[in-house]
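So you can see what is in the structure, the chains are spelled out below.
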Amino acid sequence: MDNCKAVALLDSGVGGLTVVKEINRQLPSEHVVYFGDTARMPYGPRPSEQVRHFAYQIMDFLLTQQIKMIIIACNSAASAGLEYYRKRVGLPLLDVIEPGVRAALKQTLNRKVGVIGTTGTIESGAYQRVFQRLAPDVHVFSRACPLFVLVVENELVHTPEVLGVAEEYLHSLKKAGVDTLILGCTHYPLLADVIAAVMGPNVTLISSAEETAREARRILEERELLHPPGDSVLHRFYVSGPAKNFRQMAVKLLENEIRAFQVVLDEETPLLL
Ligand code: DGL
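The rules behind each value
- Residues numbered from 1 in each chain as written.
- Predicted model: local features only at pLDDT ≥ 70, side-chain atom pairs only at ≥ 80, totals over all residues.
- Heavy atoms only, no water.
- Buried < 20%, exposed > 50% of the residue type's maximum accessible area, 1.4 Å probe, protein only.
- Helix = DSSP H or I, 4+ residues; strand = E, 2+ residues; numbered from the N terminus.
- Pairing = 2+ DSSP bridges.
- Right-handed = clockwise from strand over helix to strand, strands pointing away.
- Arc of directions from axis to C-beta.
- Contact = heavy atoms within 4.5 Å.
- Near = heavy atom within 4 Å.
- Polar contact = N/O pair within 3.5 Å; in protein donor to acceptor, adjacent residues only side chain to side chain.
- Areas by Shrake-Rupley, 256 points an atom, 1.4 Å probe, with all protein chains shown as cover.
- Axes fitted to C-alpha atoms, helices over the stretch in contact; angles between N-to-C directions.
- Phe/Tyr/Trp six-rings, centres within 6.5 Å; stacked < 30°, edge-to-face > 60°.

Some remarks on the pairing of strand E7 (residues 180-183)
No. 1: Residues Thr180 and Ile182 point to one face of E7 and Leu181 and Leu183 to the other, with burial holding for every one of them.
No. 2: The pairing of strand E5 (residues 112-117) with E7 spans 4 bridges and is parallel. In the sheet register, Ile116 faces E7, and the bridge partner there is Leu183.
No. 3: Where E7 and strand E8 (residues 204-207) come together, 4 bridges link them in parallel fashion. For Leu181, the partnering residue across the bridge sits in E8 and is Leu205.
No. 4: The parallel pair E7 and E8, bridged by helix H10 (residues 192-199), forms a crossover whose chirality is right-handed.

Some remarks on helix H7 (residues 126-134)
No. 1: Along H7, the residues that are buried comprise Ala126, Tyr127, Val130 and Phe131. End-on view of H7: buried residues confined to an arc of 135°, all on one side of the axis. Opposite its buried face, H7 presents the exposed residues Arg129, Gln132 and Arg133, each directed more than 90 degrees away.
No. 2: Buried-residue contacts for H7 involve helix H3 (75-79), helix H5 (97-107), E5, helix H6 (119-124), strand E6 (139-144) and E7.

Structural notes on the site of the ligand
No. 1: Neighbouring residues of the ligand: 13 residues in total, closest Ser12, Tyr43, Asn75, Ser76 and His187.
No. 2: The backbone of Thr186 places a nitrogen or oxygen atom 2.9 Å from an oxygen atom of the ligand.
No. 3: Taking His187, its side chain carries an N or O atom lying 2.7 Å from a nitrogen atom of the ligand.
No. 4: For the ligand, whose unbound accessible area comes to 300 Å², protein coverage reaches 99%.

A short note on the environment of Leu27
No. 1: With respect to the helices and strands, Leu27 occurs in the loop between helix H1 (17-26) and strand E2 (32-36).
No. 2: Leu27 sits in the buried class, given a relative accessible area of 3%.
No. 3: For the pair Leu27 and Cys74, spaced 47 residues apart in sequence, the C-alpha to C-alpha distance is 20 Å.
No. 4: Once you skip the residues sitting within four places of it in the chain, Leu27 turns out to touch Glu22, Ala213, Ala216, Arg217, Leu220 and Leu226.

Examining the sheet that holds E6
No. 1: The parallel open sheet is built from 4 strands, whose spatial order is E6-E5-E7-E8. A strand with exactly one partner marks an edge of an open sheet, and here the two such strands are E6 and E8. Each strand of the sheet is rotated relative to its neighbour by a mean of 25°, with strand direction disregarded.
No. 2: The pairing of E5 with E6 spans 6 bridges and is classified as parallel.

Details of the packing of aromatic side chains
No. 1: Taken as a whole and judged by the stated rule, the model has 11 aromatic pairs.
No. 2: A ring pair is formed by Phe148 and Tyr169, whose centres lie 5.1 Å apart and whose planes are at 85°; its orientation type is edge-to-face. Of this pair, Phe148 sits in helix H8 (residues 147-153) while Tyr169 sits in helix H9 (residues 161-176), placing them 21 residues apart in sequence. Side by side, Phe148 and Tyr169 carry an identical accessibility label, which is buried.
No. 3: Centre to centre, the rings of Tyr238 and Phe261 are 6.0 Å apart; their planes meet at 40°, and the pair counts as tilted. Of this pair, Tyr238 sits in strand E9 (residues 235-239) while Phe261 sits in strand E10 (residues 260-262); the two residues are 23 residues apart in sequence, bridging distant segments of the chain.
No. 4: Here the aromatic cluster, defined as three or more aromatic residues joined through ring pairs, consists of Phe35, Phe61, Tyr238 and Phe261.

Have a look at this one:
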């Protein structure tokens, strides 16, 4: 039965777990398969062709796992352009960019929205394109914050230096007077306290996780693919680097015991689709 299959998610590391957490909250009966490409993170500074290739390799792997949907829980991968795969995969494939924009549009009053993300995401102009399509009157101010992913992956969020880094990155967005700020990298909700402290109480932070999970529910409902409640729920986590560190961070974040397995993916792993 297809509705008993899992929802698959991918990211370069722990960032996509912010989306898993929201899936667990909104769709608690769903099995989840997650892939974190920890051996090759960060994706943000890499050329888009390479990020695309990594994402294709991971999706090939995920397709061997009894899944019914793929969520690209990584803005950098989504910004690298996955059209080729989207056309061939034969399963719903959604990402976090459009849901984030939609959530921001519900919040902004002054129509000035900030977007922060990795260098790859910001330079791709992916957010601007979605705003242009959905709300061309909105002024979009963007800023790459390349160190934030490393801060999260290395568990440095609560160090004093991070506040200074955030002030430097966010200065121009504060000056622009944005009233809404999209956390355009799935790692950034894990830094939300610091970002909120810098931006102040009048700026609403948008994590796309909530809206993405809502969209996943909508698609599953529409295709009659929702998992029936009642059965025990199975979550599987795969990483390309050592499983131990990832597991420790995932347990903290998801507030649940998990098991993580290492899968070796490298440049030579051939593409299937
Ligand atoms: N969490 C990812 C994103 O949403 C990737 C960050 C990275 O690996 O640079 O962009």
